[in-house]
Amino acid sequence: MDAEMTRRVELTRVYHFSAAHCLAHPALSAADNAALYGPCARPHGHNYYLEVTVAGVPDPVTGFAVDLERLDQTVSRTVLDQVDHHRLEDAPILEGVITTGEGLAHAFWRTLREALPDGALQEVVVQETAKNRFAYRGEEI
Amino acid sequence: MTVQASTTRRFAFSAGHRYHVARWSADENARAFGRLTVPHGHNYTLDVTVRGPIDPQTGMVIDLGELKAIVNATVIERFDHADLNADALFRERIPTTENIAIAVWELLAPKLGPDRLARVRVWEDPTLFVDYDGR
C-alpha cells in the first residue's frame, strides 16, 4: 500500500451542551452527600464542552479521514439530544451514573463506542468548566 | 539522567480553500462536499509540539525563537493569506484539515527532525482540530 494512504490522523470535534445535575450517591443520606460532595450536591448546572476524538486515514480522493456530518449526527442523536438542556440524572445513557466529569466521560465513551465504527473512537473529553477537564481513552486496569 | 519534555508553540494563518475533485462533475462535487466545494476560508490555528531532552545548559527543549523562525519561514509565510488549492502540496490531495496537518508535518519534519517533531495540530475553527504525529 502507498505510504500516503496509511497516514493515520486523529480528528477531534468540540461539541457544547448545557445541563443541570447534582452529585449524590443514591445509597447515602442527604447529609452524607452534602458532606461528601459539598456544593456539588445541590442541583446546579454547567455549560459543558464535549470533545470526541476519532482516528482514521484520509481518503486518497476526498481527503476526509472521518465523515464529519455522520459523526455530528451520531453524537447529537446518541448524546447531545439526551443531555442538552436536561437534568443529567434523567438521561437514559446516564442511568446509575454519578455525573462527575469522569463519570460523564466514561458513560459517553461507552455510548459512542457502540455508535461509531469499530475502533474509530480514541478519546472522550468532558470539560465541565474552564477549570475542570476530564478525559477517558478506554483504559481499564 | 536525561529529562524529556515537550514544548508547544501556537501559530495562526488565514487561508482560502475549497473541496473539489477536478475529474468530477459539478454535481458530483456538490453531492460529496455540499457548500464546502465553494471557495471559502478559515482562520487556522497551528500548534507545533517538539519533544526532546531538556538541555542542561539552557533549560530548554528547543529555543522558542528558533522554533518560531522555522515554522514562520516554512509554514506560515507559505500558507497565510494563500489559496491552499493553488499550493503544489495540494495538487494531488484536497486541503482538508486532515491533509493540511499531514502537509505541515511534511514541511516541518525535515527542518526539526522527525524525532524532535512530536505532533502537529491544525485547528480549522474552535470546534475542529486534527492531530498528526508522523505515523
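Since we're looking at a predicted model, the values are computed, not measured. (Residues numbered from 1 in each chain as written. Chains lettered and ligands numbered in written order. Predicted model: local features only at pLDDT ≥ 70, side-chain atom pairs only at ≥ 80, totals over all residues.)

**Let's talk about the interface of chain A and chain B**
Opposite the 14 residues of chain A that make contact, chain B presents 17 residues. Here the residues of the side of chain A that touches chain B sort into seven nonpolar, three polar and four charged. Two elements, strand β1 (residues 9-21) of chain A and strand β5 (residues 128-132) of chain B, share four bridges in a ladder whose sense is antiparallel. Residue pairing for β5(B): E10(A) is matched across the bridge by D131(B). (Contact = placed C-beta atoms within 7 Å. Nonpolar A, V, L, I, M, F, W, Y, C, P; charged D, E, K, R; others polar. Pairing = 2+ DSSP bridges. Helix = DSSP H or I, 4+ residues; strand = E, 2+ residues; numbered from the N terminus.)

**Observations regarding the sheet that holds β5(B)**
The strand order across the open sheet formed by nine strands is β4(A)-β3(A)-β2(A)-β1(A)-β5(B)-β4(B)-β2(B)-β1(B)-β3(B), and the pairing between neighbours is mixed. The strands lining the two open edges of the sheet, one partner per strand, are β4 (132-136) of chain A together with β3 (82-83) of chain B. Lying over the sheet, helix α2 (residues 64-79) of chain B contacts β1 (4-17), β2 (40-53) and β3 of chain B, oriented at roughly 20° with respect to β1(B). (Axes fitted to C-alpha atoms, helices over the stretch in contact; angles between N-to-C directions.)

**Some thoughts on the pairing of β1(A)**
In this structure, β1(A) lies alongside strand β2 (residues 44-56) of chain A, joined through 13 bridges in antiparallel fashion. Following the sheet pairing, S18(A) is matched in β2(A) by N47(A).

**Some thoughts on the packing of α2(B) against helix α3 (residues 97-112) of chain B**
Residue and element names in this part refer to chain B. Contact geometry of α2 with α3 gives a least axis separation of 10 Å together with a crossing angle of 140°. Our classification of the angle between α2 and α3 gives oblique. For the pair α2 and α3, the sense of crossing is right-handed. Packed against α2, whose contacting residues are I70, V71, T74 and V75, the element α3 presents V104, L107, L108, K111 and L112 at the interface. Partitioned by chemical class, the residues of the contact of α2 with α3 number seven nonpolar, one polar and one charged. (Parallel < 35°, antiparallel > 145°, perpendicular 65-115°, else oblique. Left-handed = near helix turned anticlockwise from the far one by under 90°.)

**Comments concerning the confidence of the model for chain A**
Of all residues in chain A, 96% have pLDDT values of 70 or greater, and the mean over the chain is 94. β1(A) holds the highest mean pLDDT among the elements of chain A, 98, whereas helix α1 (residues 30-37) of chain A holds the lowest, 94. (pLDDT = per-residue confidence, 0-100.)

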